[in-house]
Amino acid sequence: CPCARWPRRGLLLSDAAVEFVSSPFREGRLWEQGRAFARLPKWGTLQVDGPDAARFLAALWSQRLDALDAGGSAEALLLDAAGHVDAQAAVVRESDARFLLIVEPGQAERIGAWLTSMRFLMQVDVSDISHDVEVLAVSDPRLPRVADPQVRAWWLDPWPTVADGG
């Protein structure tokens, strides 16, 4: 198991497939109780930096990302000109001027290129850091952080609540 160092049982996503440490029903209950996490090793991660990062992302994505506090997370959609969903991202605001966008496997390069083309006069830098970070999805922010310097982005699944602007 790729997450054997994790002291709790939970739904684990590995490079190969979804693995259940004990039973799917037990793991589902643990997720609902906020006592599980999911590792997302193939998902892409984009870093958006700069003094205009919050305003830039709020103008392009469906969620009010400028309203997130540092450390906050939300889901956002990127819509095309016809209003169809082009991409989905799990967004973590690391600081006032830095966001991480966690996107589905194979999407980081395309979304990063499109965001870079939309910068115009805004002071924003978009970079693909997929190979530099490990992404975990947690069902409760009180889960202990894994003591691993490679773990940087903690995206809280917002499904139990409605975020501002959502």
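Rules used in this analysis
Residues numbered from 1 in each chain as written. Predicted model: local features only at pLDDT ≥ 70, side-chain atom pairs only at ≥ 80, totals over all residues. Heavy atoms only, no water. Helix = DSSP H or I, 4+ residues; strand = E, 2+ residues; numbered from the N terminus. Buried < 20%, exposed > 50% of the residue type's maximum accessible area, 1.4 Å probe, protein only. Contact = heavy atoms within 4.5 Å. Areas by Shrake-Rupley, 256 points an atom, 1.4 Å probe, with all protein chains shown as cover. Arc of directions from axis to C-beta. Pairing = 2+ DSSP bridges. Axes fitted to C-alpha atoms, helices over the stretch in contact; angles between N-to-C directions. Patch = residues over 30% accessible without salt bridge, like charges linked within 9 Å, V, L, I, M, F, W, Y side chains within 5 Å. Salt bridge = Lys/Arg side-chain N within 4 Å of Asp/Glu carboxyl O. Polar contact = N/O pair within 3.5 Å; in protein donor to acceptor, adjacent residues only side chain to side chain.

Asker: I would appreciate a short explanation of the overall build of the protein in the present structure.
Answerer: A tally of helices and strands in the protein yields three helices and 10 strands. Its helices and strands in sequence order give the protein the pattern β-β-α-β-β-α-β-β-β-α-β-β-β, from N to C terminus. Relative to its 166 residues, the protein shows a buried fraction of 43%. The contacts of the protein with a sequence gap of at least 6 include a subset with a gap of at least 24, amounting to 58%. Carbon and sulfur atoms provide 52% of the accessible area of the protein, an area that totals close to 9200 Å².

Asker: Can you help me understand helix H3 (residues 108-117) in this one?
Answerer: Along H3, the positions that sit buried rather than exposed are Ala108, Ile111, Gly112 and Leu115. Down the axis, H3 shows its buried residues gathered within 100 degrees of arc, on one side only. Summarising the contacts, the buried residues of H3 are in contact with strand S4 (44-49), helix H2 (53-60), strand S6 (85-95), strand S7 (98-103) and strand S8 (125-128).

Asker: Sorry if this is basic, but what is going on with the sheet that holds strand S5 (residues 73-79) here?
Answerer: By definition, the strands of a sheet pair up through backbone hydrogen bonds, in either a parallel or an antiparallel sense. Spatial ordering of the open sheet is given by S5-S6-S7-S4-S8, a layout of five strands whose pairing is antiparallel. Where the open sheet ends on each side, the last strands, each with one partner, are S5 and S8. Between one strand and the next, the sheet's axes are offset by a mean angle of 30 degrees, whatever the strand orientation. One ladder, built from six bridges, connects S4 with S7; its direction is antiparallel. Across the sheet, residue Val48 finds its bridge partner in S7, namely Phe99.

Asker: Would you take a moment to explain the environment of Leu121 for this structure?
Answerer: Position of Leu121 relative to the elements: it lies in the loop between H3 and S8. Counting along the chain gives 69 residues from Leu121 to Asp52, while the straight-line C-alpha distance between them is 9.7 Å.

Asker: What should I look at first to understand a nonpolar patch on the surface in this one?
Answerer: On the surface, Leu77, Leu79 and Val85 cluster together into a nonpolar patch covering about 240 Å² of accessible area. Note on placement: Leu79 falls in strand S5.

Asker: How do you make sense of the environment of Asp52 when you look at a structure like this?
Answerer: Locating Asp52 in the fold gives a position in the loop between S4 and H2. Its relative accessible area of 17% is what places Asp52 among the buried residues. Dropping the residues within four chain positions of it, Asp52 is found in contact with Met122, Gln123 and Val124. Reaching out from Asp52, the side chain makes a polar contact with the backbone nitrogen of Gln123 at a distance of 2.8 Å.

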